[in-house]
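Reading the structure
So the chains spell out like this:
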Amino acid sequence: MREVRTRFAPSPTGGLHLGGVRTALYSYLFAKKHQGKFILRIEDTDQNRYVSGAEQYIVDCLAWCGLSPDEGPHIGGEHAPYRQSERKESYKQYALQLVESGHAYYAFDTTEELEKMREDFKSTQNPSPQYDHTTRMKMKNSLTLTNEEVKQLLAINTPYVIRISMPANETISFTDMIRGEIKNDSNLVDDKVLLKADGMPTYHLAVVVDDYLMKISHAFRGEEWLPSVPVHILLWKYLGWENDMPHWAHLPLILKPDGHGKLSKRDGDRLGFPVFAMDWHDDKTNETIKGFKELGFLPEAFINLLALLGWHSGEEKELFTKEEMIVAFSMERVHKGGAKFDYEKAKWFNHEWIKGLPAKTLMPSMQTILLSADIPLKDEPFLLDVITLVKDRCVFLNDIVMQSSYFFQAPIAIDFDAIKPKWADDKALFFSELIHQFSQLDTWEMQGIEETFKTLATEKNIKVGELQFLFRMILVGAKFGPGVFDIAYKIGKEETQSRIQYLLQKIGTV
Ligand code: GLU
């Protein structure tokens, strides 16, 4: 069997949409499942859309997701270069080969002439005429000019493009790995430009040439590329490479949460969730668009949730490690209908992943987050215990700040409005007595703390529940967190006493 080689071929034009990451993920999983290679190719032939920094950003996003390519612009490989702008010279010969064999032609039309054509041929049946088999013979190209005239125009460096000559009345069919057989009517496809006036190939020529030269066996991409397939198939055929053509799969769209239309960057802004893998800074607008990473998603959760947006394993199971996905993945189980993006479900995946991973694994990223929030961290064993205590309460990695800061410093804000209705003189007495009793304890361990607390509550005839609530407010400042005796134990005797003392002084004054 042919070696499996898949590719992710993004254009470096901005933030990496989750649909793009999913294409990369499926390509990666498929390649790994078949002991093949996953290749990154940067499709930067459209210089007008090129955005500096976007290529590095793509490489960083893939690295964060754990989808490291086997070959790519940043690591090289047998088929380097992997950046189309650096392969510019290799495309022209194929465009010329196509002109030679009669499957493509030079077109010298100016912008004005193209506009005029669109005006002149406009009719009610055909409101937007294209450059195709119905119009090409009325235009200025090597099909309508004599050889002499063409030579002349080329000799004086007249700008030209090379266009494919789409045949009339042909059915162009192919088998999509997800959609089965797809038939296209060649009459509906225009004579796409293959080589631009600046000598750069268009996407159509470059994608075919590179998939061939890079020996791509399976090409997965978004469903929006389906209309381009007839052009690509003909190019494979006309260049004599038909037997090497990759198997194609056009992945379903990722839809807005309500199912109406493709999920766009703007939907994310509007509905308050990210659509990019990582933060993307747009230099033009000086705006930073939030990414899943910076919002506190785990890469494991991110790829897990993306995998299930379009693929179903056939089991009930929803949580998959990357290794499990490699084993379970198959293109047969990718559905063709669009997949609705559900942010609540995305959060659920992240929460489950945070709960499931050991504290030790979560520690490096949580440590970074805490440090950047200026939390005065203690030693690593302490941090590890704290993460173990609170990680189940974190939906996002960043929740660690709110969920754990009171372990490292006294609460910055205390919710006195919640305390006051429950406060009374007997409670004040209880807590000042508690400080004293804690001083009597030889060792500071959980059982002793809890027993002292509860025995004193019974003696004072006050409900333990109410006191525990107040104790939590004293230690945490608010109504959340793990067991209150766990917290007291962890922060230590003196800190516990000092927080009680602080509240006793403060409560009278607020
Ligand atoms: N460069 C195209 C894109 O940006 C890739 C399409 C393909 O994979 O053929 O989506």
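This text goes with the structure placed above it.
This report concerns the structure included in the present document. (Residues numbered from 1 in each chain as written. Predicted model: local features only at pLDDT ≥ 70, side-chain atom pairs only at ≥ 80, totals over all residues. Heavy atoms only, no water.)

Turning our attention to the overall build of the chain. Scanning the chain from N- to C-terminus turns up 20 helices and 13 strands. In terms of overall dimensions, the chain is more spread out than a globule: its C-alpha atoms have a radius of gyration of 32 Å, far above the 24 Å expected for 510 residues. Across its three principal directions, the C-alpha atoms of the chain cover 110 × 50 × 40 Å. Counting only residues that meet the buried cut, the chain has 50% of its 510 residues in that class. Carbon and sulfur atoms form 50% of the exposed surface of the chain, whose accessible area is close to 24,000 Å². Positive and negative side-chain charges of the chain, numbering 60 and 72 respectively, have mean locations separated by a distance of 2 Å. (Helix = DSSP H or I, 4+ residues; strand = E, 2+ residues; numbered from the N terminus. Rg over C-alpha atoms; globule rule 2.2 N^0.38 Å. Buried < 20%, exposed > 50% of the residue type's maximum accessible area, 1.4 Å probe, protein only. Areas by Shrake-Rupley, 256 points an atom, 1.4 Å probe, with all protein chains shown as cover. Lys, Arg positive; Asp, Glu negative; His and termini not counted. Charge placed at Lys NZ, Arg CZ, Asp CG, Glu CD.)

Turning next to the site of the ligand. Taken together, Arg-7, Ala-9, Pro-10, Ser-11, Glu-43, Tyr-203, Val-207, Arg-221 and Trp-225 form the complete shell of residues around the ligand. Contact distances for the ligand include 2.6 Å between an oxygen atom and a side-chain N or O atom of Arg-7. At 2.6 Å, a side-chain N or O of Glu-43 approaches a nitrogen atom of the ligand. In isolation the ligand offers 300 Å² of accessible surface; the protein chains occlude 82% of this area. (Near = heavy atom within 4 Å. Polar contact = N/O pair within 3.5 Å; in protein donor to acceptor, adjacent residues only side chain to side chain.)

With that settled, consider the side chain of Glu-71. With respect to the helices, strands and loops of the structure, Glu-71 is situated in the loop between helix H2 (54-65) and helix H3 (88-100). Exposure remark for Glu-71: the relative accessible area of 5% places this residue in the buried category. A polar side-chain atom of Glu-71 sits 2.6 Å from a polar atom in the side chain of Tyr-82.

Further remarks concern the pairing of strand S3 (residues 104-107). Side chains of S3 alternate between two faces, with Ala-104 and Tyr-106 and Tyr-105 and Ala-107 buried alike. Sheet topology note: the S3/strand S4 (residues 161-164) ladder contains four bridges and is antiparallel. When the bridges of S4 are listed, Ala-104 appears paired with Ile-164. (Pairing = 2+ DSSP bridges.)

Moving on, we get to the pairing of strand S9 (residues 247-251). Among the five residues in S9, four count as buried, and that is most of the element. Of the strand pairs in this sheet, strand S8 (residues 218-222) and S9 are connected by five bridges, and their pairing is parallel. Of the residues in S9, the one forming a bridge with Arg-221 is His-250. As a crossover connection, the stretch from S8 through helix H7 (residues 229-238) into S9 is right-handed. (Right-handed = clockwise from strand over helix to strand, strands pointing away.)

This part is about the pattern of salt bridges. In total, this model carries 28 salt bridges according to the counting rule given. Note that Glu-55 and Arg-83 form a salt bridge whose closest N and O atoms lie 2.7 Å from each other. Here Arg-83 lies in the loop between H2 and H3 and Glu-55 lies in helix H2, a separation of 28 residues in the sequence. Taken as a pair, Glu-55 and Arg-83 share a single burial class, namely buried. (Salt bridge = Lys/Arg side-chain N within 4 Å of Asp/Glu carboxyl O.)

For the rest of this paragraph, the subject is unusual backbone geometry. Omega for the bond connecting Ala-80 with Pro-81 falls within 30 degrees of zero, at -5 degrees, which places this linkage in the cis form. Within the secondary structure, Pro-81 is located in the loop between H2 and H3. The phi dihedral of Asn-286 is positive, around 55 degrees, even though this residue is not glycine. The topology assignment puts Asn-286 in the loop between strand S11 (280-282) and strand S12 (287-289). Phi at Asp-374 takes a positive value of approximately 60 degrees, unusual for a residue other than glycine. If you trace the backbone, Asp-374 turns up in the loop between helix H12 (359-372) and helix H13 (380-390).

With antiparallel pairing, three strands are arranged side by side in an open sheet as S3-S4-S7. A single partner strand is all that each edge strand has here, and the edge strands are S3 and strand S7 (193-195). In this sheet, neighbouring strand axes are inclined to one another by 40 degrees on average, regardless of whether the strands run parallel or antiparallel. The sheet contacts of H3 involve S3, S4 and S7, and relative to S3 the element is tilted by about 105 degrees. (Axes fitted to C-alpha atoms, helices over the stretch in contact; angles between N-to-C directions. Contact = heavy atoms within 4.5 Å.)

The next thing to look at is the packing of helix H1 (residues 18-33) against helix H9 (residues 299-307). Close contact between H1 and H9 brings their axes to 10 Å; oriented N to C, the two are set at 85 degrees. As judged from the angle between their axes, H1 and H9 are roughly perpendicular. In this structure, H1 contributes Leu-18, Val-21, Arg-22, Leu-25 and Tyr-26 to the contact, and H9 contributes Phe-302, Ile-303, Leu-306 and Ala-307. (Parallel < 35°, antiparallel > 145°, perpendicular 65-115°, else oblique.)

So, on to the nonpolar core. Leu-18, Leu-67, Phe-302, Met-331 and Phe-341 are the most contacted members of the largest nonpolar core, which has 58 residues in total. Taken together, the elements giving at least two residues each to this core come down to H1, strand S2 (37-40), H2, S9, H9, helix H10 (322-328) and helix H11 (343-356). If you tally residues by element for this core, the top one is H1, at nine residues. Beyond its immediate sequence surroundings of up to four residues, Phe-341 is in contact with Leu-18, Ile-254, Leu-255, Lys-256, Pro-257, Leu-263, Phe-273, Phe-292, Leu-305, Leu-309 and Ala-346. One finds Leu-370, Phe-438, Phe-453 and Met-473 within the second-largest nonpolar core, a separate group that totals 55 residues. (Core = buried A, V, L, I, M, F, W, Y, C linked by side-chain atoms within 4.5 Å.)

Let's shift gears to the packing of aromatic side chains. Counted under the stated rule, the structure contains 37 aromatic pairs. Ring geometry for Phe-292 against Phe-341: centres 6.4 Å apart, planes inclined by 85 degrees, an arrangement best described as edge-to-face. Of this pair, Phe-292 sits in the loop between S12 and H9 while Phe-341 sits in the loop between strand S13 (339-340) and H11, placing them 49 residues apart in sequence. Exposure remark for Phe-292: the relative accessible area of 0% places this residue in the buried category. Grouping aromatic residues by their ring pairs yields a cluster made of Trp-64, Phe-273, Phe-292, Phe-297, Phe-302, Phe-341, Tyr-343 and Phe-396. One residue, Arg-163, lies across the ring of Tyr-131, its end atom 3.8 Å from the ring centre. The ring of Phe-469 has Lys-422 lying over it, and the distance from NZ or CZ to the ring centre is 5.9 Å. (Phe/Tyr/Trp six-rings, centres within 6.5 Å; stacked < 30°, edge-to-face > 60°. Lys NZ or Arg CZ within 6 Å of the ring centre and 35° of its normal.)

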